[in-house]
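Analysis of the macromolecular model
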Amino acid sequence: MANGVFDRTSPESAWESTSTDSCSTVLDRCKETDDGSHPVTVNLDLPTSLRPRSRSQRSHIRQYVESLLDQERQRVWENREEANSNTSGSTSSLQSHNVTSAEKKSKQYYKFYPLSSKFYVKVPFDRLGLLALFDRHKNVTENLFAVVLAVLVGILGCLVLSKEFYHDFWIFLFCFVMAGCQYSLIKSVQPDAASPMHGYNHIIAFSRPFYFCICCGLVLAFHYGATHVTRTTYTLYGLAITNQWTMELARDLILVLLLCFPLLFTMGLLPQVNTFMMYLLEQIDINIFGGTGTTSLTSATYAVSRSTLAVLLLYGFCYYPMSVNGFEDNGQPVMFSVFCGLLVSLSYHLSRSASDPSVLVQWVKEEISKRMMSQSESSSNETSDESLVDPLPQKLRVSVRERLHSDLIVCCVSAIFVFAVHVSTAFTTLQPHLMEVLCYIAGTIGLLIHYVLPHLRKEMPWLCFSHPLLRNHERKLFEVKDAARVMWFEKLYIWSRSIERNIIYTALFLSAITKSAPHIVKDTKLGLECGSLAIVVCGMKALRCAFSDTPRQYIIVIFTLFFFMFDYTKSSETFLIDYFLMSLFVNKLCDFILKLQFVFTYIAPWQITWGSAFHAFAQPFSVPHSMMLFAQAAISSFLSAPLNPFLGSAIFITSYVRPLKFWERDYNTKRADHSNTKLSSQLDRNAGADDDNLNSIFYEHLTRSLQHSLCGDLMMGRWGTVSQGDCFIIASDYLNALVHIIELGNGLVTFQLRGLEFRGTYCQQREVEAITEGSEDDYGFCCCELGHLPHMLSLNATFNQRWLAWQVTVTKYVLEGYSISDNSAASMLQVFDLRKVLITYYVKSIIYYTVRSPKLSDWLNHDNITSALQPLCDKKYCDLDPIFNSHVDEDYDPLQNGISRSRFCYVYHAWIQHCVSRRENGIYNGKDSMLVSLCFALSLLGRRALGTAAHNNASSSVEFFLYGLHALFKGDFRITSIKDEWVFSDMEMLRRVVAPGVRMSLKLHQDHFTAPDEYDDHQVLYEAITSHEQNMVISHEADPIWRNAVLSNTPSLLALRHMFDEGSDEYKIIMLNKRYLSFRVIKVNKECVRGLWAGQLQELIFLRNRNPERGSIQNAKQALRNMINSSCDQPIGYPIYVSPLTTSYSGTNPQYSGITGQEFTLHRVKKAIIGVWNRIRLHCGAACSVAGRSSFEDTGLSPYQPSSRDISGRWRERARSSSASGSASVSASVSVACSGLPTNKEKDSKDRSSFKSTTSPLKPGSASNITLPLQLSQIPETIAAVSKDKEVITRRVRIQDVSCVYDNINLGRRIDVMWPKDKWRQMGGKSSWNDWTPEEGMEGPVVHQWTPCHRDPRSRSHIDKTMLLVNIDDKYYVPITENGVLDLGAQV
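Residues numbered from 1 in each chain as written. Predicted model: local features only at pLDDT ≥ 70, side-chain atom pairs only at ≥ 80, totals over all residues. Heavy atoms only, no water.

Observations concerning the pairing of strand β27 (residues 1339–1348)
- Most of β27 sits out of view: eight of its 10 residues are buried.
- Bridge count between strand β26 (residues 1291–1295) and β27: three bridges; the pairing is antiparallel. Its bridge partner being in β27, V1293 is matched across the sheet by G1340.
- With four bridges connecting them, β27 and strand β29 (residues 1363–1368) associate as antiparallel partners. Bridge pairing in β29 links H1344 to L1365. (Buried < 20%, exposed > 50% of the residue type's maximum accessible area, 1.4 Å probe, protein only. Helix = DSSP H or I, 4+ residues; strand = E, 2+ residues; numbered from the N terminus. Pairing = 2+ DSSP bridges.)

In structure tokens, the structure reads:
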């Protein structure tokens, strides 16, 4: 519509609706007198008491008022026509406002300009009327698309009618369908039965015309093919694919489908356009090209385009050898071998590529920007350090880059290797026995690896045994304290699956392609062109499925072999085509079986859980429709559509088709924090303070942990047999989440996590109990309790387990997470003494941050600050603010009734002096110094801010005290006293001193309960604050720093949470500690999940059932109905967190990479070659260095036999430490490492196995070491003189057991070791490693060692084992015990 202009005309009976009848006042427009001096106002005031009662009086007044209104109305419209456009708007609005008070209802219209700005058409509708009649489109593109679709519907409908397919009543019905499709473009059905969202869905308006155009186009195409069919027909399994009867049948079926459109759209059996296109493209990629699941419409388009491009590339290499007849006389063309090599390499690359191209596009953009903007690299680094950067995108880009580099190397090598093997005619001369042998091997190995071994590892193998027959190490542990240990059967599974995938299936399908290619072109009557295309498509699908979906391939191989070899031998169309079609049949058969299992489990009479009266009513009526139920299950399996229970009852209906992702909307939880809320809401309403919003961060961290390790764990079989679309529930003490596997490729998995509430509903708790309770204590045998055999389930337990839609896969699945502990803050601060302790730590923390601040000198020299602090420099100064109290302030002076400077110095001056002594640059800290005045002023400011936030009642009530403490904890500082306005000279004092002081005091107060008197020592307190500052994040949970710290795997976090729970108002101290958590992994029938999700969408959106206690969400333990329905997208369900689609790669799992090795990159290949060359030099140089030992003995010192405990340069380090302490000389036994190595292997192994301390005294007369008194300054020169011509050799070790790594001994605690260098300590633990972790196979030199009971504290181990400090990549320092490394000898 064009610009809206309103036209108002009043009826003659407008008086009936005037305000005079309702006892009010009518004000007419001011009239000027003839001379224009005084305006005349027509005021009609008719109160109830003075209103005329007679009809004649009322009629006179009415006539008079009507005449006035008619005159005024005529004048208004005349002025509007004559006035210009600028003044007419304001005048008409004022005048129309006066007129509308007397009008009954204005008639409005819109001016629609169809051709030009001069000619318009009046549309007599207001805005609401137009919205009720027409849909509002978002932009011009939608309008144009709607017009184009309307024209296409009309044209295609006329063409179908012109062919005379319909007669009599069917013509009317077809025209009715066509009219409905066109009208839906004007006014669509909202909500539609297939709409996935509440409210107006603008996409659903195009569904009906879209499907109508598609069906009419197919009808016309099939009709043209049936009437113009050529004599060239293609047959498959004896059936003609392109004959006239086949096309006529397809045409007639679509014609019937067109007439059923009203019923189909009413039942919601056809999805909206974008969902259908994504489903169609995904099914094409999976069922034809052997692809994987997709994550969006863009992803599906990219996947199909990528597969089509690969087919076109391979088609030429296949067409040429097929056209030259090179297979005659048992030969094969060389070009066909090239085709086989390219087919294997491309299939391998496609199986390892994710369907979502977004990460790849980001990586390409990043590489381009690096090349184009290399000059701004330094500035970008500076800004990135200050901002909070999410590490996940960069981690994904690095993984994609490494995989691409690896694929480049592996694809080239595999193409050359396959070409070399295939060109040798091994696959031609060994036929037909080679095919049978490979099929039997593949079937046997697949049965053992993917059926027997996973069942042996299940929690209840074959639902008969009570515990797994192959148990993980963590199963016997009560509490998991370390990462999961890699078991021998996991290594066996990895290597067996790798051999099966890369060797057996590759050889099998290459043999099948070689044997089947000539027969496909000649015998199947597909022809040269179609036959070549069939070879490429079938071969690519077989190889891609073997690489990405290995666990299911042995079933397809066995079915294909037995069905076409023994049952229908004459019907075989070569193994390649048989395998292609059998894979489709097996996949649909598996879906059909899962649907039947879901239906039988859900409606079993002995475990019915009726959630409402309708369920009890629908149960008996579902029995006569059992045959229809089987038909629906078969049809929905063929179409990959969910089968959902209607309103949660026993009546099942088929829903519309959906992709593996299922959800059309990309709903992701957006956490509310200070970065996306208004400042006013942060200060007043405490935005995001609800438990669900705050607890969602734990599910987000769980998603990151799964992204790091899930793919590797699946490849090791820790979740059992997994396929695309599977759903799992992982449950721990407080975390319950549903994991949806969407894409499963070769070394990658894309999943989505849906976290449920911590404290769920009653129904959720009952289902959580069902999945966590065991069956070992069930001794039931029918109606008796006869017990069960050892390690077996009872009869009743076995029966009950088989009638569940879920199975427990693992009971102790280990993931890295956070343990959550919450303590009531009110109970910890109820007593005045405890509040006094907190205030004392608060003041000490302020002093600590003040002295440690790099801006301290600026503050002390600031003119405004020094002038404001002059009154505080008086020794007799005392702050008499009534907010201070002797009950909570340690430095309160009762003689002066306030906080005096002298009392403050008496309590805190020693602490100030200690903090100053730890500064690098000393500063005057006397009692009369400006530093003490600054600390005194800041302590007063901080306590006054706390009292102000607590409404000046901090000392009287703990509730007010906690309210003020929480306000300061989240950063709400309100300076209200004139005495504290000096702080505005530099707001950094609030941000860098007072704010962290509040938070640190809370942590110190927590520590006070474990060791009340420990922090009386200033050194201990200083070290504790420094340690907490480095290794712990203390902040409010709504602060973005909190989320960044959790996602960055910070070891410990602390927060003060204000909780509102069912009317209770309390404060909790939340403490997070990073540790390993154990989860129960439950595999749920995926058709059960899809069906329940589809039922919820239909019930809440289309049927509009808003009952919060509806029957479809009541607990059903056999199907976990409540947990599954709760995991739906909001507002359908109520999960507290829904993750974005996240891709996990196998290379990020350190345990899996430690077994199979990391990705092949040029850098790693180069490093491996250099390492091998260094090993050769090492062993060859050791044999040539015997002569150097005699020359070394001439110096008067015996040669030192290097071992893995020796470190280079130890005496230099000890000389520095001893000289720094003022020692003049020491008597030490000096051991100098030389380049001479023994050639005797026994002697070398003996030297490596014995560790000798380089600082312990030796027996007199020892031949290998001599004790000499040396000046410390002479030790480096002595060593240099001894090894002047010989290179000093350090030991090199390789990490073999990462469980021996001590990554938490660099925190500066009393129980930790002493480090020789502070730099080594800073880089010697996981607190500074960030995402890097030591892995098995890493090598590096030993730079230091700690020995038990050593007399030197710097070399003394804190445990009963010798520990080595290994330098990895010249960057990381790894403390590890000696039994966790392998000695590689001296480093060259």
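Structural notes on the sheet that holds strand β18 (residues 898–900)
- Here three strands make up an open sheet; going across it, the order is β16-β18-β17 and the pairing antiparallel. Edge positions in the sheet fall to β16 (878–879) and β17 (892–893), since each of these pairs with one other strand and no more.
- Against the sheet, helix α31 (residues 901–917) engages β17 and β18, with an angle of about 70° to β18.
- With respect to the sheet, helix α32 (residues 930–949) is in contact with β16 and β18, its orientation differing from that of β18 by roughly 160°. (Contact = heavy atoms within 4.5 Å. Axes fitted to C-alpha atoms, helices over the stretch in contact; angles between N-to-C directions.)

A look at the pattern of salt bridges
- Going through the model one piece at a time under the given rule, you end up with 42 salt bridges.
- In this structure, D726 engages K1083 in a salt bridge whose closest nitrogen and oxygen atoms are separated by 3.6 Å. Of this pair, D726 sits in the loop between α24 (691–715) and β12 (727–731) while K1083 sits in strand β21 (residues 1064–1084); the two residues are 357 residues apart in sequence, bridging distant segments of the chain.
- For the salt bridge of R943 with D889, the shortest nitrogen-to-oxygen distance reads 3.5 Å. Taken together, the residues R943 in helix α32 and D889 in the loop between β16 and β17 connect sequence positions 54 residues apart.
- Its relative accessible area of 5% is what places R943 among the buried residues.
- Taken together, the shared-partner salt bridges in this structure form one network comprising D879, D881, R944, K979 and D980. (Salt bridge = Lys/Arg side-chain N within 4 Å of Asp/Glu carboxyl O.)

Brief notes about the packing of helix α6 (residues 207–227) against helix α7 (residues 244–259)
- Axis separation between α6 and α7 bottoms out at 8 Å; the angle between their running directions is 155°. When the axes of α6 and α7 are compared, the pair comes out roughly antiparallel. In the packing of α6 onto α7, the handedness of the crossing is left-handed. Every residue of α7 that contacts α6 at F212, C215, C216, L218, V219, F222, H223, G225 and A226 is listed here: Q244, M247, E248, A250, R251, I254, L255, L257 and L258. (Parallel < 35°, antiparallel > 145°, perpendicular 65-115°, else oblique. Left-handed = near helix turned anticlockwise from the far one by under 90°.)

With respect to the nonpolar core
- I847, F904, L934, L965, F973 and W982 are the most contacted members of the largest nonpolar core, which has 80 residues in total.
- Top contributing element to this core by residue count: α32, with 12 residues.
- In this structure, L934 is in contact with T850, L856, W859, L860, I865, L869, W982 and M989, ignoring residues within four places of it in sequence.
- Judged by nonpolar contacts, the second largest core, of 56 residues, contains L236, L434, A534 and A546. (Core = buried A, V, L, I, M, F, W, Y, C linked by side-chain atoms within 4.5 Å.)

Some details on a negative patch on the surface
- On the surface, a cluster of negative charge is contributed by D1013, E1014, D1016 and D1017.
- One can find D1016 in the loop between α34 (988–1010) and α35 (1018–1031). (Patch = residues over 30% accessible without salt bridge, like charges linked within 9 Å, V, L, I, M, F, W, Y side chains within 5 Å. Areas by Shrake-Rupley, 256 points an atom, 1.4 Å probe, with all protein chains shown as cover. Lys, Arg positive; Asp, Glu negative; His and termini not counted. Charge placed at Lys NZ, Arg CZ, Asp CG, Glu CD.)

Regarding the packing of aromatic side chains
- Tallying each qualifying case throughout the model produces 47 aromatic pairs.
- For the pair Y315 and Y319, a centre-to-centre distance of 5.8 Å together with 25° between the ring planes defines the contact as stacked. With Y315 and Y319 both in helix α10 (residues 297–323) and four residues apart, the pair spans about one turn of that helix.
- The partly exposed category is assigned to Y315, whose relative accessible area is 23%.
- Taken together, a centroid distance of 5.8 Å and an interplanar angle of 80° make the contact between Y602 and F652 edge-to-face. With Y602 in helix α20 (residues 574–603) and F652 in strand β11 (residues 652–654), this pair connects stretches of sequence that are 50 residues apart. In this pair, the class of Y602 matches that of F652, namely buried.
- An aromatic cluster is built from F210, Y211, F261, F265 and F276, whose rings are joined through pairwise contacts.
- The ring of Y656 carries the charged tip of R658 above its face, separated from the ring centre by 3.8 Å.
- Positioned above the aromatic ring of F961 is the side chain of R835, whose terminal nitrogen or guanidinium carbon lies 5.9 Å from the ring centre. (Phe/Tyr/Trp six-rings, centres within 6.5 Å; stacked < 30°, edge-to-face > 60°. Lys NZ or Arg CZ within 6 Å of the ring centre and 35° of its normal.)

As for the side chain of H1350
- Turning to its location among the elements, H1350 is positioned in the loop between β27 and β28 (1356–1357).
- Within polar-contact distance, the side chain of H1350 engages the backbone nitrogen of D1352 at 3.0 Å. (Polar contact = N/O pair within 3.5 Å; in protein donor to acceptor, adjacent residues only side chain to side chain.)

Notes on the environment of D879
- With respect to the secondary-structure elements, D879 resides in strand β16.
- With 22 residues separating them in the primary sequence, D879 and R901 have C-alpha atoms 8.5 Å apart.
- Residues in contact with D879, not counting those within four places in the same chain, are F884, G898, I899, L940, R944 and K979.
- Reaching out from D879, the side chain makes a polar contact with the side chain of R944 at a distance of 3.1 Å.

Points about the environment of E769
- With respect to the helices, strands and loops of the structure, E769 is situated in helix α25 (residues 762–772).
- According to the relative accessible area criterion, E769 is partly exposed, its value standing at 39%.
- A polar side-chain atom of E769 sits 2.5 Å from a polar atom in the side chain of R766.

Side note on a nonpolar patch on the surface
- Together, F125, L133, F134, Y183 and I186 line one region of the surface with nonpolar side chains, adding up to about 410 Å² of accessible area.
- With respect to the secondary-structure elements, L133 resides in helix α3 (residues 127–133).

Some thoughts on unusual backbone geometry
- In this structure, the amide linkage connecting Q190 to the following residue, P191, adopts the cis form with an omega of -5°.
- Considering the arrangement of structural elements, one finds P191 in the loop between α5 (169–183) and α6.
- For the peptide bond that leads from Q1130 to P1131, omega is 5°, which places it in the cis range.
- As for its placement among the helices and strands, P1131 is situated in the loop between α38 (1121–1126) and β22 (1137–1138).
- With a phi angle near 65°, T425 is a residue other than glycine that sits in the positive phi range.
- Position of T425 relative to the elements: it lies in the loop between α14 (391–423) and α15 (426–429).
- Positive phi, normally seen in glycine, also occurs at L647, with a value near 55°.
- Within the fold, L647 resides in the loop between β10 (643–645) and β11.

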